[in-house]
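Here are the chains, one letter per residue:
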Amino acid sequence: MTDSGLLQAYRDHEWELLRFLARRLGSPATAADIAHDLYVKLLGEPELPQIRDSKAYLFGMAANLATDHLRVERRRGEILAEIDGLVWRRRDEMTPERHALARAELAFLATEIAALPPRCREIFRLHRYEGLTQPQIADRLEVGITTVYKDLKLALETMLRARQRFRATAPQDKGHRK
């Protein structure tokens, strides 16, 4: 069995390839792993039609593997950050005091929502609870998109101010609040 042209190019340029990958990945150990993956991939490749520049093609394959690796690692970091948030919440269990405080805040906000003008309240409900977009709300209520925008802005600003007022007057929750 003879080696493919790419496999021979790999052997000829292995050290250059390792340096290239180490610079791109920031880690010689990871570069060696990616280079090994490339070698294994080349072992399984059937002979390709004549490639004009085997070195450039090989380095292109290596760059693609490095990009894929970086993408996977970035996503892994995002997933770990999400999991960390979930774990933190589990440690931050809902105590009876926190439950009572949350119910009081919810009741306070419900009172604020009830005090909004009827159209503003309806726009807020359609957006937050039915998930409609602003153009969909404008079509349903037969009002302009600017009206929807302004009423939604009023409702959200009202909720934000109400939440700030509530938290300023509510008893402290042993430092667990944001």
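Above: the structure in question.
Residues numbered from 1 in each chain as written. Predicted model: local features only at pLDDT ≥ 70, side-chain atom pairs only at ≥ 80, totals over all residues. Heavy atoms only, no water.

**Notes on the pattern of salt bridges**
Charged atoms that come close allow side chains of opposite charge to pair. Under the defined criterion, the tally for this structure stands at eleven salt bridges. The partner of Arg75 in a salt bridge is Glu78, with the nearest N and O atoms 3.1 Å apart. A residue pair is termed a helical-turn pair when its members lie 3 or 4 positions apart in one helix, as Arg75 and Glu78 do in helix α4 (residues 54-91) at three residues. Residue classification places Arg75 among the partly exposed residues on the basis of a relative accessible area of 40%. Accessibility expressed as a relative area gives 36% for Glu78, which makes it partly exposed. Among the ionic contacts, a cluster of salt bridges with common partners joins Glu122, Arg125, Glu130 and Arg140. (Salt bridge = Lys/Arg side-chain N within 4 Å of Asp/Glu carboxyl O. Helix = DSSP H or I, 4+ residues; strand = E, 2+ residues; numbered from the N terminus. Buried < 20%, exposed > 50% of the residue type's maximum accessible area, 1.4 Å probe, protein only.)

**What to know about the packing of helix α1 (residues 5-12) against helix α3 (residues 28-44)**
As a packed pair, α1 and α3 sit with axes 9 Å apart at the nearest point and diverge in direction by 155°. Between α1 and α3, the interaxial angle falls into the category roughly antiparallel. The handedness of the crossing between α1 and α3 is left-handed. Where α1 approaches α3, its residues Leu6, Leu7, Tyr10 and Arg11 are matched on the opposing element by Ala35, His36, Leu38, Tyr39, Leu42 and Leu43. Residues belonging to the contact of α1 with α3 are distributed by class as follows: eight nonpolar, one polar and one charged. (Axes fitted to C-alpha atoms, helices over the stretch in contact; angles between N-to-C directions. Parallel < 35°, antiparallel > 145°, perpendicular 65-115°, else oblique. Left-handed = near helix turned anticlockwise from the far one by under 90°. Contact = heavy atoms within 4.5 Å. Nonpolar A, V, L, I, M, F, W, Y, C, P; charged D, E, K, R; others polar.)

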